[in-house]
Each structure stands twice: as structure tokens, then as C-alpha cells.
Amino acid sequence: MTDQLIERIREHADSEPIPDLDLDGVIRRGRRVRRHRSITRRTIATLAVGAVAGTAFIVATNRDSSASRLTVTTSISASDVKLVSAAYRTGGAFSRGHTLWFSDPDYAVDLGVTIQLMYYTANGVVAGVTNNNDGDVKRDYVYVGTDGSVRKLNLPGDVVPGTDAQADRFAYLTKKGAGYEIHVVGASTGHELATRSFDAPYSWAGWRVPPIGLTGDFVVLGVDKNQQVINWRTGKRAADVPGTQLPSTGGGHALGAENGGTTYHVGDSGVLRSTKDLVAVDESGKNPWAANELSPDGRFVETTTTFVGVDQHGHVTGSQSADGTVLRHPVVYVTEVATGHRITLPGNFRTYGWTPDGRLMRVDGTKVTTCDGSTGACTARTVPDGPGAIHMAGMYLGS
């Protein structure tokens, strides 16, 4: 586990009012972190907004039972749905403030609340939202479909769900006695498809439940030692994926082993590809390190070997190699799992997200750029002006 990833885990945890947050198991060198907050939470009701261009209202209720109205506006009409779905696959989703776009600025859904996180499913995103722009209110999750629909999800705000970009599903964990319970849910319907119980040692991430990944019929659980794999349809355990890490899954594949540098076939843990040849070492010539991330369709692995400095506002201040050399032009490596073909793109640990079909996505000022993982060819779209930073989907802890 690296300091860069530790910082991302800390940032995610800090956006939620989780008491007694314990990062001892994550931080190699550091202090115990505790955070206490007591805040009023606003929730979004369970009414779904249909695929009709225009404005709809969802009644939201505060804890004191006072009713408020959340306005949801979409530019997507019923005749657009096929076009929007196809654009979403190749162009992904991104947001600014209250507004989410599916690839094209013409395909917009305004939620009336700040969008923090977005995770891909087959025809829409699971989005983490809050009514407080400063992040001081606990997160709610909603499903936003490429048909313009919006649905409240019964998903705890202090967990990160596992989603499958190839299916209309997400998964999450809850505590159950001394162990945990897996919940697999239809994203567009909110219907629970399966619940499965399991027990495994877990301490490393500091969250109250282990991180989870979802691909096909399997959930991948980031418990201690190796990642545990369970067939959510049958409840049967499959072959573990080696390594302790945040699950990185897609297209029936998962990353594991040292630095997540090996791609495995989920189910039998057959080895498909390795990026271990890219690891960097520190000034002593030891401590090999790289950060690897699997595309949502499982076709590509992005590898970075640079560290980034970040200011108090989350802006990158510079990049350096593992041995401390300052880098003016850092690059990321993109390896095709099936063939081993590899390209480089300009960027660092925080530069890229993904689209559902495995294109890399980055923010360039007021533009969102997507790049082909095989050729490196890129296209850009300008994002409409508005308050706040542009956020990309396809990043486990948000962008």
C-alpha cells in the first residue's frame, strides 16, 4: 500500500462523518487519525424520475421530517435514449456541481445536489451526492440512467459500492454479527438480487467493512492477506486473488499480487498478464513500486510509477519518480491484457479515469478528453461553464 493510495483513502473517509476512523492498518508510517462529526442528514426520496425531457420534483425529507423539494432536470428525451447509451459507453460520464453529463454536453441530468462520485453500470451510474457543497452532510447514493431516470438507492453513504460496467448491478457490504453480508442490487430498479454472508479477517483499510469489487457472477472482497472471491449467485467461494488491496475489477478480470501488477481471470485466478516489468525502485534500489488500475471492461491496465504532490485544495503541485527525481513530463503506461501491447500517455497517478468501454478519460481545464487504450488517439469535449471542479466517473475513490 502506497502513500499516494493512503491519501486517496483518507480523502474519501474524510468526506464522511465516520467516528473513530482508524487508519493504522493502512498507513505504513503515520499517526492514528480520529474524526468526529455530528450533522443533520438530508435524504432523497425513493421516487424515480422517468425519461422525459424537462423538470420533475422529488420530495426529500430531513431527519426532523420536514419536507423539501429536490428538482431534477434532464435534457434527455425518450427518442435520445439509444444515442445517449451508445455515447455513454465510449465517452463515459462526468459532472460539475449539480449536473451530470453522459459523454456529450447535450445529454445532461441536473440533480439539484452536489455530485461527488460516479460509478459505472451498464446503462447509467451510481452517484454519490450531497446537499452540502462543503461535504459536511453525509452522502446519499442515487442511480442516474442514460434514459434520464433518477432513483434513490438504499445504499449506506459511508461505503464505496462495487459496480459492473457491463451489467445493471452494484454490490455493497454491511456488518452482520462478527462477519459481513454481501448485497447485490439491480441498479436501475433498486431490487435486491441476492444476499450472501461471509467471514474473513479484515483490518487494513480502516473502513468498517472491506472494500468490494463486482464483475459478472463474482464479488471480490478486499480482506486481509488475499482478496476473497465469492459467486454471488450461488454463495460458493472461488479461488482467491492474491494480494491485499482495493479491488480493481472488470470484464471478468481482477488485479492482484504485489502492487496489483498481475491481471487474473476471476473464478479460477488464472494469470492473464503482468506489468511487473514497469515497477520503479527508490533511491536505495529497493522497495519496488507501481500503481495499477484495471479498465471497467477488463481490457487494459493503467500503470503509474510517479508520485504527485497535492496542495490543500487537491491540486497537483508536481510529480517525481520513486527515487525522488522531479519529473516535468510524467507518463502513464497502458497495457492491453489480451496482447501485451503497450502505449504511453502524458499524466500521473491522478490524471485518468475510464469510460465504460475502456477508454482513458482526463480533465484538461474546461475540457474532458478521452483516449483510445490501444492507439493513444484522443478526442476532447468542452464542458459547459458552472461552479465547482469537473469530476470524472471511473475512479474508485473519485476524481
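Asks: Got a minute to help me understand the confidence of the model for the chain in this structure?
Replies: Caution is warranted with low-pLDDT regions, since their predicted coordinates should not be read in detail. When pLDDT is averaged along the chain, the result is 82; 80% of the residues meet or exceed 70. Of the regions scoring below 50 in pLDDT, residues 12-69 engages in 134 contacts with residues more than four places distant in sequence or in other chains.

Asks: Looking at this model, I keep getting lost on the sheet that holds strand β25 (residues 306-310). Mind explaining?
Replies: By way of backbone hydrogen bonds, the strands of a sheet pair with one another, either parallel or antiparallel. Strand order in the open sheet formed by three strands is β25-β26-β27, and the pairing between neighbours is antiparallel. The sheet terminates laterally at β25 and β27 (326-327), the two strands that pair on one side only. Relative to strand β26 (residues 316-321), β25 runs antiparallel, the two being bridged by five bridges. Looking at β26, one finds that Thr306 is bridged to Ser321.

Asks: Any chance you could explain helix α2 (residues 81-91) here in plain terms?
Replies: Because an α-helix packs 3.6 residues into every turn, residues spaced three or four apart end up facing the same way. Within α2, burial applies to Val84, Ser85, Ala87, Tyr88, Arg89 and Gly91. Phi turns positive, to about 70°, at Gly92, one or two residues after α2.

Asks: Explain the sheet that holds strand β7 (residues 114-121) to me, please; I cannot follow it from the model alone.
Replies: Spatially, β7-β8-β9-β10 is the arrangement adopted by the four strands of the open sheet, whose pairing is antiparallel. What marks the edges here is a single partner per strand, and that holds for β7 and β10 (150-153). If you compare each strand with its neighbour and ignore which way they point, the axes differ by 30° on average. Here six bridges tie strand β8 (residues 124-130) to strand β9 (residues 140-145), and the two strands are oriented antiparallel to one another. Across the sheet, the residue bridging to Val129 is Asp140, located in β9.

Asks: In this structure, what is going on with the pattern of salt bridges? I would like to understand it.
Replies: Side-chain pairs of opposite charge can arise where the charged atoms are in close proximity. In the structure shown here, the tally under the stated rule is eight salt bridges. A salt bridge links Arg233 to Asp217, with the shortest nitrogen-to-oxygen separation between them at 2.7 Å. Here the residue Arg233 occupies a position in the loop between β17 (227-231) and β18 (237-241), and Asp217 occupies one in the loop between β15 (212-215) and β16 (218-221), the gap between them amounting to 16 residues. The class for Asp217 is partly exposed, based on a relative accessible area of 31%.

Asks: Can you walk me through the state of the cysteines in this structure?
Replies: A covalent bond between the sulfur atoms of two cysteines is what we call a disulfide. This model, assessed by the stated rule, comprises one disulfide. Note that Cys371 is cross-linked by a disulfide to Cys378, the S-S spacing being 2.0 Å. Torsion about the S-S bond of the Cys371 and Cys378 cystine: about 105°, corresponding to right-handed handedness. Taking the relative accessible area as the measure of exposure, Cys378 reaches 37% and is therefore partly exposed.

Asks: What should I look at first to understand the nonpolar core in this one?
Replies: The nonpolar side chains of a soluble globular protein tend to be buried, and buried together. Leu155, Phe170, Ile182, Phe198, Val219 and Leu221 are the most contacted members of the largest nonpolar core, which totals 36 residues. Secondary structure elements with two or more residues in this core: β7, β9, β12 (169-176), β13 (179-186), β14 (192-198), β15 and β16. In contact with Phe198, other than residues within four places in its own chain, are Leu173, Gly179, Tyr180, Ile182, Leu221, Val223, Gln228 and Ile230. Ranked by size, the runner-up nonpolar core spans 32 residues in total, among them Phe102, Val144, Ile390 and Ala393.

Asks: I tried to follow the packing of aromatic side chains on my own but got confused; where do I start?
Replies: Each pair of aromatic rings is reported with the distance of its centres and the angle of its planes. Evaluation of the coordinates by the stated rule reveals seven aromatic pairs. Ring centres of Tyr180 and Tyr202 lie 6.3 Å apart, and the angle between their planes is 80°; this geometry places the pair in the edge-to-face category. Residue Tyr180 is located in strand β13, and its partner Tyr202 is located in the loop between β14 and β15; the two are separated by 22 residues in the primary sequence. A relative accessible area of 6% places Tyr180 in the buried class. Each residue in the set Tyr88, Phe102 and Tyr120 is aromatic and connected to the rest through ring pairs, giving one cluster.

Asks: Is there a simple way to think about the pairing of β13 in this case?
Replies: Walk down a regular strand and you will see the side chains alternate between the two sheet faces. In terms of burial, β13 is largely enclosed, as eight of its eight residues are buried. Pairing of β12 with β13, which is carried by eight bridges, proceeds in the antiparallel orientation. Bridge pairing links Arg169 to Gly186 in β13. Here β12 folds back onto β13 in antiparallel fashion, the turn holding two residues, of which Gly177 has a positive phi close to 60°. In sequence, β13 turns back onto β14 through a hairpin of five residues, with Gly190 there showing a positive phi of about 80°.

Parameters at a glance
Residues numbered from 1 in each chain as written. Predicted model: local features only at pLDDT ≥ 70, side-chain atom pairs only at ≥ 80, totals over all residues. Heavy atoms only, no water. pLDDT = per-residue confidence, 0-100. Contact = heavy atoms within 4.5 Å. Pairing = 2+ DSSP bridges. Helix = DSSP H or I, 4+ residues; strand = E, 2+ residues; numbered from the N terminus. Buried < 20%, exposed > 50% of the residue type's maximum accessible area, 1.4 Å probe, protein only. Axes fitted to C-alpha atoms, helices over the stretch in contact; angles between N-to-C directions. Salt bridge = Lys/Arg side-chain N within 4 Å of Asp/Glu carboxyl O. Disulfide = S-S within 2.5 Å. Core = buried A, V, L, I, M, F, W, Y, C linked by side-chain atoms within 4.5 Å. Phe/Tyr/Trp six-rings, centres within 6.5 Å; stacked < 30°, edge-to-face > 60°.

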